[in-house]
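Descriptive structure summary
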Amino acid sequence: MFSKIRKFFGPKKLAEGNKIVVNCEKLETRVALLEQGSLEEYTVERVNDENIVGSIFKGIVRNIEPGLNAMFVDIGFEKNAFLHFWDAIPEALDAGLEPIQRGGKGGGGNNQNQGVGGKGKGKGRPKKRRIQSKDIPSLYPVGSEVLVQVTKGPIGTKGPRITTNISLPGRYMVLMPRNDQLGISRKIEDPKERARLRKIMGEKLTVPDKMGVILRTVSAGQKVRYFVRDLAILLDEWDEIDEKSAECKAPACVFKEPDLIERTVRDILTDEIDEVLCDDAESVERMKDLIGIISRRSKKKIQLFQSPTPIFEKLGIQRQIDDAFYRQVWLPSGGYLVIDETEAMIAVDVNTGRAKNQDKMILQTNIEAAEEVARQLRLRNIGGLIVVDFIDMRARRDQMAVYKVMRERLRNDKAKTQALQISQLGLMEMTRQRLNESLNITVNEPCHYCQGRGMVKSAESMSVELQRRINGVLAKGEGSHSELVVILHPDVMERLRTHDGELFVELERRHNARLTFRSDASYYREQVVIADAKTQKEIRE
């Protein structure tokens, strides 16, 4: 009895519930999302990094490329932003949203008057001509100014991607100031709740004409006053943006996407989060002030975490972050994933590993792999085209079971994803929205030793190349370089000493030369210096 009482009132174990952990340091801020102790999302923002995704710019159209159906817009960066014609057309709601007809205050019933089919609808009102891609060059000629929002940051050699379909995300809704559509997220599945939200959208919210609103998934179960307050905040925000864009000269930034702390409060700190732990007192107070405007009840969830041990190490997060950079990821059943990230595609190979080769074990390994792949995509923030090579399964029902697990796990991903059923070759093709560089590219840089290959030449390969180089130097020198000093890595030196010594003695005899070898532990394996013993000058080919 007493143990149950202590369990109820006592502190929760670190592995229980959903937690947001925030680590604030001088050079960077890190945010980790834990679900039952497992790291699901990890975001890093550094002091010198500039996150422009979501920011709004007033740009100038510099050139139009009809062959690409795109234009390039100067928004003040080194590379012009890419605006596809389709991103300049007022977009329809995607399949993940249910369209809602306007009604009540501020609606004007315009969507109802423009309904499809029924006779007499829209009578007496001129039908608005739909903008098409061929109209874009005349709407935005070269030299014209355009208000755009960044949808994808610069990745590699590509500049940012932009759209004229501006949206301002709030706590419970997204305001679309240039699109008059209303919608509700289809992730809200309860029919009664959907009906309640439809009624609120149609009767209780005063959405200005020519503007639209989308209710986010977190709006489920929330009171009307929260929506009214959220809408008022977003409308004030848009008024400031509109006013600033009218005053400033292009190219200029008229709205900057909030920093990581504010985005965390806005997007991640939902009712599903049990606790927020942060190791910085100033950031704790800031988060409480931000969430207090939206939900006073959520202020109690934010706690200051004080410990001599760094917070990420104390909670076991750092180990999980380190694992995210490994190419090989182990599964509970003994199988493992091999993840290879390229510029164009992500390849994931599923292997049985220590698991026994039986149908039930294969299915179990593939199900674990599907769950882990969905987690790794979120954790590593990788996107684009993804191909997963599952272990071959004979039964179609097993393939569908793995597919359903993947679809279910992808529902937790905020990025837009699409997964196809497993093909006859045992491959699952997927796409995941890519807004920024992956975690691997953000934190790491290509190795200047291996030039990004991820591998270095073996000691045997280096011995072969060294024989070839020395032979070339002695042959070209024609006696001028009869004494050489060769400095190399200890691994290569060990190879020469134990296996290939006679081959270099033969080189000395053939060219009547003298070779001296020295090892240097500071050299990397592929680094070799050949110098003239008399002048001590390096000989370059």
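Scroll up for the structure.
All values derive from a computational prediction rather than experimental measurement. Sequence positions are assigned chain by chain, starting from 1 and proceeding in written order. For this predicted model, a pLDDT threshold of at least 70 governs which residues receive local features, and a threshold of 80 or more governs which side-chain atom pairs are given and counted, while totals over whole chains, interfaces and linings are taken from all residues. With hydrogens and water excluded, all non-hydrogen atoms of the structure serve as input to the side-chain values.

Next up on the list: a negative patch on the surface. Patches were defined on residues exceeding 30% relative accessible area and lacking a salt bridge, with like-charge contacts within 9 Å and nonpolar side-chain contacts (Val, Leu, Ile, Met, Phe, Trp, Tyr) within 5 Å. Exposure was quantified through the Shrake-Rupley algorithm and a 1.4 Å probe, taking into account, for residues, occlusion by the shown protein chains and nothing else. Definition used for salt bridges: Asp or Glu carboxyl oxygen within 4 Å of a side-chain nitrogen of Lys or Arg. Charge counting follows a simple rule: Lys and Arg are positive, Asp and Glu are negative, and His as well as the terminal groups are ignored. To locate a charge, the coordinates of NZ of Lys, CZ of Arg, CG of Asp or CD of Glu are taken. A cluster of acidic side chains, namely Asp-236, Asp-239, Glu-240, Asp-242, Glu-243 and Glu-247, defines a negative patch on the protein surface. Secondary structure follows DSSP: runs of H or I at least 4 residues long count as helices, runs of E at least 2 residues long count as strands, and numbering of each begins at the N terminus. Tracing the chain through its elements places Glu-243 in helix α5 (residues 224-247).

A word on unusual backbone geometry. The residue after Ala-250, namely Pro-251, is reached through a cis peptide bond having omega -5 degrees. As for its placement among the helices and strands, Pro-251 is situated in the loop between α5 and β14 (252-255). We note that Asn-69 has phi near 55 degrees; this positive angle belongs to a residue other than glycine. Tracing the chain through its elements places Asn-69 in the loop between β4 (56-65) and β5 (70-74).

Turning next to the nonpolar core. Joining through side-chain atoms within 4.5 Å is the link that ties buried Ala, Val, Leu, Ile, Met, Phe, Trp, Tyr and Cys residues into a set, and such a set is a nonpolar core. Summary of the burial criterion: residues with accessible area below 20% of their type's maximum are buried, those above 50% are exposed, and those between are partly exposed, where the area comes from a 1.4 Å probe applied to protein chains only. Counting residues in each nonpolar core, the largest one holds 31 residues, and the members touching the most others are Leu-175 and Val-213. Elements with a contribution of two residues or more to this core: β11 (173-176), β12 (182-185), α4 (191-204), β13 (212-215), α5 and β14. We call two residues in contact when some of their heavy atoms are within 4.5 Å. When sequence neighbours within four positions are dropped, the list of residues in contact with Leu-175 reads Ile-166, Ser-167, Leu-168, Met-211, Gly-212, Val-213, Leu-231, Leu-234, Leu-235 and Trp-238. Ranked by size, the runner-up nonpolar core spans 29 residues in total, among them Leu-337, Ile-362, Val-373 and Ile-382.

Turning our eyes to something else, we now look at the side chain of Glu-372. For Glu-372, the location among the structural elements is in helix α10 (residues 359-380). A polar contact is formed between the side chain of Glu-372 and the side chain of Arg-375, at a distance of 2.7 Å. Look past the residues within four positions of Glu-372 in its chain and what remains in contact with it is Val-329, Leu-331 and Leu-337. Counted as a polar contact is a pair of N or O atoms within 3.5 Å, where, for protein atoms, one must be capable of donating a hydrogen and the other of accepting one, and residues adjacent in sequence contribute only when both atoms are in side chains.

With that settled, consider helix α7 (residues 281-294). A helix is expected to span 1.5 Å multiplied by its residue count minus one. For α7, built from 14 residues, the straight-helix expectation of 20 Å at 1.5 Å per residue is met to within 8% by its first-to-last C-alpha distance of 21 Å. Within α7, the full set of buried residues consists of Ser-283, Val-284, Met-287, Ile-291 and Ile-294. Seen from one end, α7 has its buried residues packed into an arc of 100 degrees, which puts them on one side. Away from the buried face of α7 by more than 90 degrees, exposed residues Glu-282 and Asp-289 are located. Buried-residue contacts for α7 involve β1 (18-24), α5, α6 (260-268), β15 (275-278) and β16 (302-304). The arc in question is the one traced by the directions running from the helix axis out to the C-beta atoms.

On to the sheet that holds β1. Two strands are said to pair when DSSP picks up at least two bridges between them. Spatial ordering of the open sheet is given by β3-β2-β1-β15-β16, a layout of five strands whose pairing is mixed. The open sheet has two edge strands, β3 (38-46) and β16, and neither has a second partner. Across the sheet, the mean angle from the axis of one strand to that of its neighbour is 20 degrees, orientation sign disregarded. With three bridges joining them, β15 and β16 adopt parallel strand pairing. Along β16, the bridge assignment pairs Val-276 with Ile-302. Convention adopted: a line fitted to C-alpha atoms gives each axis, helices being fitted over their contacting stretch, and angles between N-to-C directions are expressed from 0 to 180 degrees. Across the face of the sheet, α7 comes into contact with β1, β15 and β16 while running at roughly 165 degrees to β16.

Interhelical geometry of α6 versus α7 gives an angle of 40 degrees and a closest axis separation of 10 Å. Between α6 and α7, the angle falls in the class oblique. Every pair of crossing elements has a handedness; the one defined by α6 and α7 is right-handed. Residues Ile-261, Glu-262 and Val-265 of α6 form the contact with α7, whose own contacting residues are Ser-283, Arg-286, Met-287, Leu-290 and Ile-291. When its residues are assigned to classes, the contact of α6 with α7 shows five nonpolar, one polar and two charged. Note on angle classes: values under 35 degrees are labelled roughly parallel, values over 145 roughly antiparallel, values of 65 to 115 roughly perpendicular, and the remainder oblique. Two helices crossing with the near one rotated counterclockwise from the far one by less than a right angle form a left-handed crossing, whereas a clockwise rotation gives a right-handed crossing. Residues are grouped as follows: Ala, Val, Leu, Ile, Met, Phe, Trp, Tyr, Cys and Pro are nonpolar; Asp, Glu, Lys and Arg are charged; all remaining types, including Gly, are polar.

A cluster of basic residues, Lys-223, Arg-225, Arg-229, Arg-296 and Lys-299, forms a positive patch at the surface. Its location among the elements puts Lys-299 in the loop between α7 and β16. We classify Lys-299 as partly exposed; its relative accessible area is 34%.

Pairing in this open sheet of six strands is mixed, and the strands run β17-β18-β19-β20-β22-β21 from one edge to the other. This sheet does not close on itself; its edge strands, each paired only once, are β17 (328-330) and β21 (417-419). Strand-to-strand twist of the sheet, defined as the mean angle between neighbouring strand axes without regard to direction, takes the value 20 degrees. Where strand β20 (residues 384-389) and strand β22 (residues 427-432) come together, six bridges link them in antiparallel fashion.

Side chains on a regular strand alternate between the two faces of the sheet. Neither face of β13 is left uncovered, since the one carrying Gly-212 and Ile-214 and the one carrying Val-213 and Leu-215 both have all their residues buried. Relative to β13, β11 is paired through four bridges, and the arrangement is antiparallel. Following the sheet pairing, Val-174 is matched in β13 by Ile-214. Sheet analysis places β12 next to β13, joined by three bridges and oriented parallel. The residue of β13 that forms the bridge with Gly-183 is Ile-214. Following the chain from β12 across α4 to the adjacent parallel β13, one finds a crossover that is left-handed. Note on handedness: a crossover is taken as right-handed if, strands pointing away from the viewer, the path from the first strand over the helix to the second is clockwise.

Attention now goes to the environment of Pro-90. For Pro-90, the position within the fold is in the loop between β6 (81-84) and β7 (97-100). Judged by relative accessible area, Pro-90 falls into the partly exposed class, the value being 38%. For Pro-90, the residues in contact, after removing those within four places along its chain, are Ile-131 and Asn-165.

Looking now at the pattern of salt bridges. One pass over the full model with this rule turns up 29 salt bridges. Asp-267 is the salt-bridge partner of Arg-266, the closest N and O atoms lying 2.9 Å from each other. A salt bridge links Asp-413 to Arg-432, with the nearest nitrogen and oxygen atoms 2.7 Å apart. Of the two residues, Asp-413 is situated in the loop between α11 (396-410) and β21 and Arg-432 in strand β22; the sequence distance between them amounts to 19 residues.

This part covers the packing of aromatic side chains. When we look at a pair of aromatic rings, we describe it by the centre distance and by the angle of the planes. In this scheme Phe, Tyr and Trp rings, the latter by its six-membered ring, pair at centre separations within 6.5 Å, and the angle between planes marks the pair as stacked below 30 degrees, edge-to-face above 60, and tilted otherwise. Using the criterion set out here, one finds seven aromatic pairs in the structure. Aromatic side chains Tyr-172 and Phe-227 sit 6.0 Å apart centroid to centroid with 80 degrees between the ring planes, which places their arrangement in the edge-to-face category. Taken as a pair, Tyr-172 in the loop between β10 (168-169) and β11 and Phe-227 in helix α5 lie far apart in primary sequence, 55 residues in all. Their ring planes at 55 degrees and their centres at 5.1 Å tell us that Trp-330 and Tyr-336 sit as a pair that is tilted. With a relative accessible area of 43%, Trp-330 lands in the partly exposed category.

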